Amino acid sequence: MTIMQSFTELVHQRQQRESAKRNRPVESEVTKLDVRNLNFFYGEKQALFDVSMTVAERAVTAFIGPSGCGKSTFLRALNRMNDIIEGAHHNGTVLLEGQEIYAPDVDVVSLRKRVGMVFQKSTPFPKSIFDNVAYGPKIAGQRNHKGLSEIVEQSLKRAALWDEVKDRLQDSALALSGGQQQRLCIARALATNPDVLLMDEPASALDPASTSRVEDLIFELKQNYTIVIVTHNMQQAARISDWTAFFYQGYLIEKDHTQKLFTTPKKKQTEDYITGRFG
Amino acid sequence: MSVPTKLQEPHLARRHRIDKAFEWVCCGSTWFGVVVLGMLLLSVGWKALTWPPSKAKLPSSPVATVEATSSSAPLSTRFFSSYDSRKPREAGILAAIWGSLWLIVLVALFSVPIGVGSAVYLEEYANDGRLKRIIQVNLSNLAGVPSIVYALLGMTAFVKMFGFFTKDEGKSLVINLLFTTVDVPLPFDRTLISGALTLTLLVLPTVIVASQEALRAVPSSIRTASYALGATQWQTIRYQVIPAAMPGIMTGVILALSRAMGEAAPLMLIGALTYVAYTPGDITSVSDIFKNPHGLLDAPFDKFTALPLQIYQWINHPRAEYGHLAAAGIMVLLTILLLMNTVAIVIRHKFQKCTRW
């Protein structure tokens with residue numbers, strides 16, 4: 001099967017790259033997020049059916065699946081972004097380091113500080129580059145300008161954007177290119193110093209060059225952060241993720257090491273999807 | 001091929017005629033408004049500038065000559081720096097201009113916080129429900145209620161205060177501020193603050209609806225992104241939504257204020273005076289504010305007149321000279337309104353250019 005072989009090739013390339021960088025081994029066994037029997041509803045409509053999954057610390061976990069399969073809903077359930085939507089409700093548990101994030105004593109504001117999020121469409125605020133990155137720490141109470149400057153510099157460096165914007169931090173963020181805007185949004189999410197970074201198709205609106213930069217960035221970031229990424233692009237999942245989960249019609253069909261899922265999927269539906277027979 | 005073309009030809013010519021006719025009708029409708037406005041401006045402008053008659057035409061008696069030189073045409077500095085007078089040549093709009101200025105400032109002070117506050121509540125906090133729909137429909141209806149109805153409400157609520165305070169007692173509430181005290185008459189009676197509150201009621205629906213539209217135009221991705229960074233709803237509204245909606249809100253507010261500025265009917269009903277020989281708080285220039293800062297606090301509780309009222313009174317005056325004064329007053333009022341609208345357009349244009357999503 002040629003498609004399977006090409007995925008194997010991609011995964012292999014990635015492993016080589018990792019060993020070249022003397023990275024940690026691919027598998028990390030510490031569980032960061034533990035989701036048990038999650039059912040999710042938008043009003044009457046059920047979007048997720050009994051999903052249970054663990055997300056490993058300091059690794060990239062990719063969600064794949066056709067449109068409307070619930071992968072974005074699941075991602076947004078992990079930092080309670082669905083709370084904003086009227087009529088959304090759920091049952092089941094989501095544990096972040098063993099703590100139930102939907103518990104009444106958990107403040108959603110501090111949860112979202114720990115679990116940052118980057119969206120499909122880059123959404124820079126209509127402010128300067130500096131103010132965009134400084135927004136998170138600022139609203140969390142950081143008023144000291146020197147401290148803010150340090151956070152901004154550090155975050156932009158981590159997002160591999162510093163060299164491009166260091167001379168024009170006061171320019172409008174809207175003047176940046178699409179790829180730069182997306183990396184700015186990543187820097188902005190990093191500025192609140194999260195443990196987990198959720199990314200909802202972060203590269204789907206970008207050109208190939210910008211996509212590759214964002215992918216490299218994700219690859220770098222997983223040394224310090226737990227990353228969960230939703231993607232439509234299976235090659236992308238194969239290139240950057242350690243774990244891949246396949247969603248279909250609200251069910252989690254299969255979750256495994258990326259290499260295993262793309263080469264020897266256990267379920268027929270997974271195999272059909274990654275070989276392009278549907279979806 | 002030729003048969004169907006032939007069949008269609010008579011219809012085609014007719015359709016082209018209708019096309020042309022419709023274009024002319026539309027063009028005519030446009031020019032109707034423009035021409036009438038132009039004529040109005042020309043006639044008013046002409047009237048404003050052509051009085052008094054030039055010296056040469058005056059009788060050559062020495063007294064008359066002296067009088068002619070000391071008086072001046074409407075739209076001279078004299079016109080702006082003197083109060084209304086029984087002698088048309090000495091009459092001016094000082095009281096009216098300061099009255100209108102105070103009205104606008106007070107209306108802005110009242111209507112912006114209340115209007116923007118309601119808009120934020122309706123757009124950002126209130127759940128979509130029956131109550132919100134009822135409020136929404138009523139807001140749109142209120143924007144179309146005639147000003148005279150608001151005037152009646154203002155009369156009852158502010159001028160008379162529902163008759164809770166009988167007038168002969170002459171009650172006044174003394175409010176202690178840190179350094180000074182303010183006498184607030186109860187009821188408000190025919191003072192600036194009554195007028196301003198009435199006009200506030202009048203423009204509030206407009207301000208709310210315009211602000212709501214501005215808030216709705218802020219993309220929800222901005223709000224989502226802010227929440228995702230751990231912002232509370234207040235922080236999201238304060239730091240992202242309101243700044244992004246500000247140009248739209250400002251435009252709506254300025255247009256509403258210019259409407260309030262031109263209203264005469266409500267002020268007439270609540271009984272603003274037409275002959276006033278003082279300015280609110282005795283402030284006739286900016287330097288007066290520094291000389292007597294307490295005037296700023298007294299001004300809202302002074303009796304007043306306003307530009308549209310002054311114009312109305314002059315037009316109804318039997319002496320023909322007052323007609324020229326009225327025309328000059330109209331020119332001043334139109335100029336101010338035009339300036340305000342220009343500012344609104346400039347703000348909208350400027351922010352449209354530098355904000356794209």
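Keep in mind it's a predicted model, so treat the numbers as computed, not measured.

Asks: What exactly am I supposed to notice about the pairing of strand β3 (residues 60–64) of chain A here?
Replies: In summary, the side chains of a regular strand alternate between the two faces of the sheet. Residue and element names in this part refer to chain A. Most of β3 is tucked away, with five of its five residues classed as buried. Residues of β3 alternate between two faces, with Val60, Ala62 and Ile64 on one and Thr61 and Phe63 on the opposite face, all of them buried. Relative to strand β8 (residues 226–230), β3 runs parallel, the two being bridged by four bridges. Counterpart to Ala62 in the pairing with β8 is Ile229. When β3 meets strand β9 (residues 243–248), the two strands line up parallel, connected through four bridges. Its bridge partner lying in β9, Ile64 is registered against Phe246.

Asks: I keep staring at the state of the cysteines and nothing clicks. Help me out?
Replies: All names here are of chain B. Applying the stated rule across the entire model yields zero disulfides over all chains. Between Cys26, a cysteine without a disulfide, and Cys27, which holds the nearest cysteine sulfur, the sulfur-to-sulfur distance is 8.6 Å. The class for Cys26 is partly exposed, based on a relative accessible area of 35%.

Asks: What is the right way to read the interface of chain A and chain B from this model?
Replies: Between chain A and chain B, the residue contacts involve 26 residues of the former and 21 residues of the latter. Summing the contributions of chain A and of chain B, the shared interface buries around 1900 Å²; its carbon and sulfur component is 62%. If you sort the residues of chain A by the area they bury against chain B, Tyr135, Ile139 and Leu174 of chain A come out on top, with a joint share of 27%. Linking chain A to chain B there are zero salt bridges. Sorting the residues of the side of chain A that touches chain B by element identifies α3 (108–114), β6 (115–118), α4 (129–139) and α7 (178–190) of chain A as the ones contributing at least two each. Looking at side-chain class alone, the side of chain A that touches chain B contains 14 nonpolar, five polar and seven charged residues.

The rules behind each value
Counting starts from 1 at the beginning of each chain's written sequence and moves along it residue by residue. Labels are handed out in written order, letters beginning with A for the chains and numbers beginning with 1 for the ligands. In view of the model being predicted, local features appear only for residues whose pLDDT reaches at least 70, and side-chain atom pairs are presented and counted only at 80 or more, with totals across whole chains, interfaces and linings using the full set of residues. With hydrogens and water excluded, all non-hydrogen atoms of the structure serve as input to the side-chain values. Residue burial is assigned from relative accessible area. The probe radius is 1.4 Å, only protein chains are included, and a residue is buried under 20% of its type maximum, exposed over 50%, and partly exposed in between. A run of H or I in DSSP counts as a helix once it spans at least four residues, and a run of E counts as a strand once it spans at least two, with each numbered from the N terminus. For two strands to be treated as a pair, DSSP must find no fewer than two bridges joining them. What counts as a disulfide here is a pair of cysteine sulfur atoms lying within 2.5 Å. Residue contacts are counted whenever heavy atoms from the two residues lie within 4.5 Å of one another. Two parts placed together each lose some accessible area under a 1.4 Å probe, and adding up what both lose gives the buried area. Salt bridges are defined as contacts in which a side-chain nitrogen from Lys or Arg sits within 4 Å of a carboxyl oxygen from Asp or Glu. Throughout this entry, Asp, Glu, Lys and Arg are counted as charged residues, while Ala, Val, Leu, Ile, Met, Phe, Trp, Tyr, Cys and Pro are counted as nonpolar. The remaining residues, Gly among them, count as polar.

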